[in-house]
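# Inside the fold
If you want the building blocks of each chain, they are given just below.
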Amino acid sequence: MSGIFKVGVVGGGVMGRGIAALVARKGLPVVIKEMNQELADKAKTEINRTFDDLLARGKADKMQAANWKSCVQVSDSMDALADADLVIEAVPENLELKKKIFKELDQVLQPWAIIASNTSSLSISAMAEATRRAERVAGLHFFNPVHRMSLVEIISGKQTSETTLSELAVFAQDIGKTAIQVKECPGFLVNRLLMPYLNGAAWLLTTTALKPTEIDQEAVANGWPMGPFQLLDMVVGLDVAAEVAKILYQAYGERAKPAPLTQVLVDLKRFGMKSESKAGFYGGEETVSEIIERTFPALPVAPETPAGGYERMMMGLVNEAFLCLEEGVASVNDIELGCRMGISFPGDGPLHWAQRRGLGNVLETLTKLHFEPSKLLRQLVAEARPVVEISDLDI
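So, here is what we can say about the structure in this document. (Residues numbered from 1 in each chain as written. Predicted model: local features only at pLDDT ≥ 70, side-chain atom pairs only at ≥ 80, totals over all residues. Heavy atoms only, no water.)

### Quick notes on empty space enclosed by the protein
The following threshold applies: Cavities and pockets were defined on a 1 Å grid built over protein atoms only: a cavity is a set of grid points that admits a 1.4 Å probe from which the probe cannot escape, a pocket is an open set flanked by protein on both sides within 12 Å along at least five of seven lines, and lining residues are those with an atom within 4 Å of any such point. Grid points are joined across faces, edges and corners, and a volume is the space filled by probe spheres set on the points. We count a stretch as a helix when DSSP gives it H or I for four or more residues in a row; a strand needs E for two or more, and each element gets its number in order from the N terminus. Three classes are used: nonpolar for Ala, Val, Leu, Ile, Met, Phe, Trp, Tyr, Cys and Pro, charged for Asp, Glu, Lys and Arg, and polar for all others, with Gly counted as polar.
Taken as a whole and assessed by the stated rule, the structure comprises two cavities of 30 Å³ or more. If you add up the space inside the largest cavity, you get close to 100 Å³. Every residue lining the largest cavity is listed: Arg192, Met195, Pro196, Asn199, Ala245, Leu248, Tyr252, Arg255, Ala256 and Glu320. At the level of elements, helix H7 (190-207) and helix H10 (238-252) are the ones that each hand at least two residues to the lining of the largest cavity. Among the elements that take part in the lining of the largest cavity, H7 stands out by supplying four residues, more than any other. Considering only residue class, the lining of the largest cavity consists of six nonpolar, one polar and three charged. Forming the boundary of the second largest cavity are Met195, Leu198, Asn199, Ala202, Leu232, Ala241, Ala242, Ala245, Pro258, Ala259 and Thr262. The set of elements that each furnish at least two residues to the lining of the second largest cavity consists of H7 and H10. Per-element tally for the lining of the second largest cavity: the top contributor is H7, with four residues. The residue makeup of the lining of the second largest cavity, split by class, is nine nonpolar, two polar and no charged.

Here it is, written out as structure tokens:
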């Protein structure tokens, strides 16, 4: 057991409710704090509906559902979190808002309590600066949907203690999650690796004659459960992808330059399935091809095959994996595990993928496609060393 016996969640949106429901199903009391009582009650109603649905589908009995419901409290007051051992912040991706919440939490929580953020890309250290307990602040990034995605990223800030990281790792195990340890950087690990793949796909639509269906079909043929545009429409949301892309561009420069088409679609309120119209890269009264013709009429279009386009997307992801390893963001094992469990990467992971292709071939292809290859990759090729011992990591 982790020593965490009561959990608070600030924010009763989709992610906050998902985290709270998960904690309750493991028998731990959880308090959801919302901006006002109306929103708090709405969060409780939605969570109860989740439990009722499990009961209706035979996934729980009446006593279990009743027990889960009894574990969940809601409030519009920070004081309701005062005796929590861990509070997870799950509000929108706005750093100033999060810092304000962290400052308020620091004032009401017991000194030993951990404050964690479910942010997918913002600085943990910046949030910690708003408190007097930087060693007890960390990132605890769940993936959507919380009840299905087994992975959680535990992110250390500049002053996060090893004790805090260890307690969060045990807590993650207690609630049935697989944790990977990630050093703080913009996008952390999984989103940092996924975005070059998704952004690269969006760039293809305005720089080549490829269509979303062709690219999606190529990805599925190579082992992904769905293509990049299906993933953006159905899971990620174009608005979220556009916001993360801006953060990564600010941090990593030209290699992370956002594809302009994504922002065009966001401006048209085409966020994917969450949109009122359900439109994203697919759907809508106007097709993406028509939007491209109207918005980028003079853009030069290069010939490209679906296989060639897919290779460009994969090379961006793989190069970023080597950069993360080079920078000490995560270990080989956590990079591979994070990609398999967090983004359903086909096979063992991007580092294995690169090694099976031949690191020299990957370096040559990256150079040909005008990427700036990782120094670590160059070094491994120069020294004829593998990045991983395949036999150690095969599943």
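### Structural notes on the packing of aromatic side chains
Stated formally: Aromatic contacts are taken between Phe, Tyr and Trp rings whose centres are within 6.5 Å, Trp giving its six-membered ring; a plane angle under 30 degrees counts as stacked, one over 60 as edge-to-face, and the others as tilted. To sort residues, take the accessible area from a 1.4 Å probe on protein chains only and compare it with the maximum for the residue type: under 20% means buried, over 50% means exposed, and anything in between is partly exposed. Criterion for a charge above a ring: Arg CZ or Lys NZ at most 6 Å from the ring centre, at most 35 degrees from the ring normal.
Under the defined criterion, the tally for this structure stands at four aromatic pairs. Consider the rings of tyrosine 197 and tryptophan 224, whose centres lie 4.4 Å apart with planes at 20°: the pair is stacked. Residue tyrosine 197 is located in helix H7, and its partner tryptophan 224 is located in the loop between helix H8 (212-221) and helix H9 (228-236); the two are separated by 27 residues in the primary sequence. Take tyrosine 197 and tryptophan 224: they sit in the same class, and that class is buried. Judged by centre distance (5.4 Å) and plane angle (65°), the rings of tryptophan 224 and phenylalanine 345 are edge-to-face. You can see tryptophan 224 sitting in the loop between H8 and H9 and its partner phenylalanine 345 sitting in the loop between helix H14 (332-343) and helix H15 (350-357), a full 121 residues away along the chain. Each member of the pair, tryptophan 224 as well as phenylalanine 345, carries the same accessibility label: buried. What links up through ring pairs into an aromatic cluster is the set Tyr197, Trp224 and Phe345. A cation over a ring is seen here: arginine 25 above tryptophan 68, with NZ or CZ 5.1 Å from the ring centre.

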